[in-house]
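Summary of structural features
These are the residues of each chain, in order.
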Amino acid sequence: VGMVELARQPYPCHPSPKRPYLYNLCVAPSHRGKGVGSLLMWRCEEQTRQWGYSELFLHVEHQDTQQLYAGKGFHVSYSEPTFFQLQLQGRAVVPSGEGRRGGWMIMTKR
């Protein structure tokens, strides 16, 4: 039906100490919109508190995903510039990944 991974990982901007990192949250298409993803996220938040942490982080690469997590109380705490923003800054950068149009961002929830 759905799955998520939660591990203690280095936060990209401040690698020490490790912090709870939520990743690979997915729900089967037939079960989307039924609260499965919200339940998985809630369980990660509970585990984060049991570990003694007050903050959970994740990364997103798409605007629609950012909006989904923002609706759950996450906020952007770090953002990599998009390819377009780098072009405006005069930096010579080649985007990685097929069809990649933007940067990624780190979102956190306290």
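Residues numbered from 1 in each chain as written. Predicted model: local features only at pLDDT ≥ 70, side-chain atom pairs only at ≥ 80, totals over all residues. Heavy atoms only, no water.

Some words on the nonpolar core
Counting ten residues, the largest nonpolar core consists of Leu-22, Met-41, Cys-44, Leu-56, Leu-58, Val-60, Tyr-69, Phe-74, Met-105 and Met-107. At the level of elements, α1 (36–50), β3 (56–60) and β5 (105–109) are the ones that each hand at least two residues to this core. Considering every element that reaches this core, the biggest residue donor is β3, with three residues. When residues no more than four places from it in sequence are discounted, the contact partners of Leu-22 are Val-4, Glu-5, Leu-6, Met-41, Cys-44, Leu-56, Phe-57, Leu-58 and Tyr-69. (Core = buried A, V, L, I, M, F, W, Y, C linked by side-chain atoms within 4.5 Å. Buried < 20%, exposed > 50% of the residue type's maximum accessible area, 1.4 Å probe, protein only. Helix = DSSP H or I, 4+ residues; strand = E, 2+ residues; numbered from the N terminus. Contact = heavy atoms within 4.5 Å.)

Some details on α1
For α1, which comprises 15 residues, the first-to-last C-alpha distance of 21 Å matches the rise-based estimate of 21 Å (1.5 Å per residue) to within 8%. Gly-52 sits one or two residues past α1 and shows a positive phi near 95°. (Expected span 1.5 Å × (residues − 1).)

Description of unusual backbone geometry
For Asn-24, which is not glycine, the phi torsion reads 55° and is therefore positive. Inspection of the secondary structure puts Asn-24 in strand β2 (residues 14–27).

A closer look at the packing of aromatic side chains
Given two aromatic rings, one states the distance between the centres and the angle between the planes to describe the pair. Under the definition given, this model contains three aromatic pairs. Seen from their ring centres, Tyr-21 and Tyr-23 are 4.9 Å apart, and the 15° between their planes marks the pair as stacked. Tyr-21 sits in the buried class, given a relative accessible area of 14%. On the accessibility criterion, Tyr-23 (22% relative accessible area) is partly exposed. Plain terms: the ring middles of Tyr-69 and Phe-74 are 5.7 Å apart, the flat faces sit at 75° to each other, and that makes the pair edge-to-face. Through pairs of rings, three or more aromatic residues link up here, namely Tyr-21, Tyr-23 and Phe-57. (Phe/Tyr/Trp six-rings, centres within 6.5 Å; stacked < 30°, edge-to-face > 60°.)

Some thoughts on the pattern of salt bridges
Enumeration according to the criterion identifies four salt bridges in this entry. Of the charged contacts, one joins Glu-55 and Arg-19 as a salt bridge, the two residues approaching to 3.7 Å between their closest N and O atoms. Linking Glu-55 in the loop between α1 and β3 with Arg-19 in strand β2, this pair joins segments that are 36 residues apart in sequence. Overlapping salt bridges bring together Arg-19, Glu-55 and Arg-110 as one network. (Salt bridge = Lys/Arg side-chain N within 4 Å of Asp/Glu carboxyl O.)

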